[in-house]
Amino acid sequence: MASSTPIENTIRQKLTVALSPITLQIYNDSNKHAHHKAMEGVTSKETHFRLVITSAEFTGKPQLARHRMVNALLKEELEREGGIHALQLRTLNPEEEEKLDKKVEEGVVG
């Protein structure tokens, strides 16, 4: 039986293998954008994703380099007709995630 979320599954598999993420959250926001003009005639329900990724692979790399890493891993899905149309990324290294979690616990960030 075919998966109802093949692109999401591919994202999860590729990022897990390449980045060994501590945190990998994948949000399919496609339903929020289905009414946009650019989405007319598109039958895919997997076009817009928001990812939160924490990986030691990001340590010492600026945000742009991190985003390029993820985009390179998902190149096929981004280029394919009916594939990913929009990709929002939040990329953290373990230390950044720890600092953010501490701020949330202290009520500094909500």
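Everything discussed here concerns the structure shown above.
Note that the coordinates shown come from a computational prediction; the quantities given were computed from them, not determined experimentally. (Residues numbered from 1 in each chain as written. Predicted model: local features only at pLDDT ≥ 70, side-chain atom pairs only at ≥ 80, totals over all residues. Heavy atoms only, no water.)

Asks: Got a minute to help me understand the overall build of the protein in this structure?
Replies: Across its full length, the protein holds four helices and three strands. Going from N to C terminus, the protein has its helices and strands arranged as α-β-β-α-α-β-α. Scored against the burial criterion, the 110 residues of the protein give a buried share of 31%. Counting contacts in the protein only where the partners sit at least 6 residues apart, residues at least 24 apart contribute 65% of the total. Accessible area of the protein: about 7,200 Å², with a carbon and sulfur share of 52%. (Helix = DSSP H or I, 4+ residues; strand = E, 2+ residues; numbered from the N terminus. Buried < 20%, exposed > 50% of the residue type's maximum accessible area, 1.4 Å probe, protein only. Contact = heavy atoms within 4.5 Å. Areas by Shrake-Rupley, 256 points an atom, 1.4 Å probe, with all protein chains shown as cover.)

Asks: Teacher, can you tell me more about the packing of aromatic side chains here?
Replies: The description of an aromatic ring pair rests on the distance of the ring centres and on the angle between the ring planes. Across all of its chains, the model carries zero aromatic pairs by this definition. Across the ring face of Y27, the terminal group of R50 is positioned such that the distance to the ring centre comes to 4.1 Å. (Phe/Tyr/Trp six-rings, centres within 6.5 Å; stacked < 30°, edge-to-face > 60°. Lys NZ or Arg CZ within 6 Å of the ring centre and 35° of its normal.)

Asks: Would you mind showing me how to read the pattern of salt bridges here?
Replies: Where charged atoms from two side chains of opposite charge come close, those side chains can pair. This model, assessed by the stated rule, comprises six salt bridges. Notably, a salt bridge pairs E96 with R66, separated by 2.7 Å at the nearest N-O pair. You can see E96 sitting in helix 4 (residues 94-105) and its partner R66 sitting in helix 2 (residues 63-73), a full 30 residues away along the chain. Exposure remark for E96: the relative accessible area of 29% places this residue in the partly exposed category. (Salt bridge = Lys/Arg side-chain N within 4 Å of Asp/Glu carboxyl O.)

Asks: Hey, could you run me through unusual backbone geometry in this one?
Replies: Leave glycine aside and you will find that most residues have negative phi; peptide bonds, for their part, are mostly trans. Despite not being glycine, S20 shows a phi value in the positive range, around 40 degrees. Within the secondary structure, S20 sits in the loop between helix 1 (6-19) and strand 1 (23-28).

Asks: Is there a simple way to explain the sheet that holds strand 2 (residues 48-54) in this structure?
Replies: Sheet strands line up and pair through hydrogen bonds in the backbone, either parallel or antiparallel. Sheet architecture is open: three strands sit in the order 1-2-3, paired in mixed fashion. Each edge of the open sheet is held by one strand with a lone partner, namely strand 1 and strand 3 (86-92). Each neighbouring strand pair of the sheet contributes to a mean axis angle of 10 degrees, computed without reference to strand direction. Inspection of the sheet shows strand 2 paired to strand 3 by seven bridges, in the parallel sense. Paired with L51 across the two strands is L89, which belongs to strand 3. Taken strand by strand, helix 2 contacts strand 2 and strand 3, and its axis lies near 125 degrees from that of strand 3. (Pairing = 2+ DSSP bridges. Axes fitted to C-alpha atoms, helices over the stretch in contact; angles between N-to-C directions.)

Asks: Before we go on, may I ask you to explain the environment of T10 in this structure?
Replies: With respect to the helices and strands, the residue T10 is situated in helix 1. Between the C-alpha atoms of T10 and E77, which are 67 residues apart in sequence, the distance is 8.5 Å. At 2.9 Å, the side chain of T10 forms a polar contact with the backbone oxygen of P6. (Polar contact = N/O pair within 3.5 Å; in protein donor to acceptor, adjacent residues only side chain to side chain.)

Asks: Help me out: how do you make sense of the side chain of T47 in this one?
Replies: Within the secondary structure layout, T47 lies in the loop between strand 1 and strand 2. At 2.7 Å, the side chain of T47 and the side chain of H48 are in polar contact.

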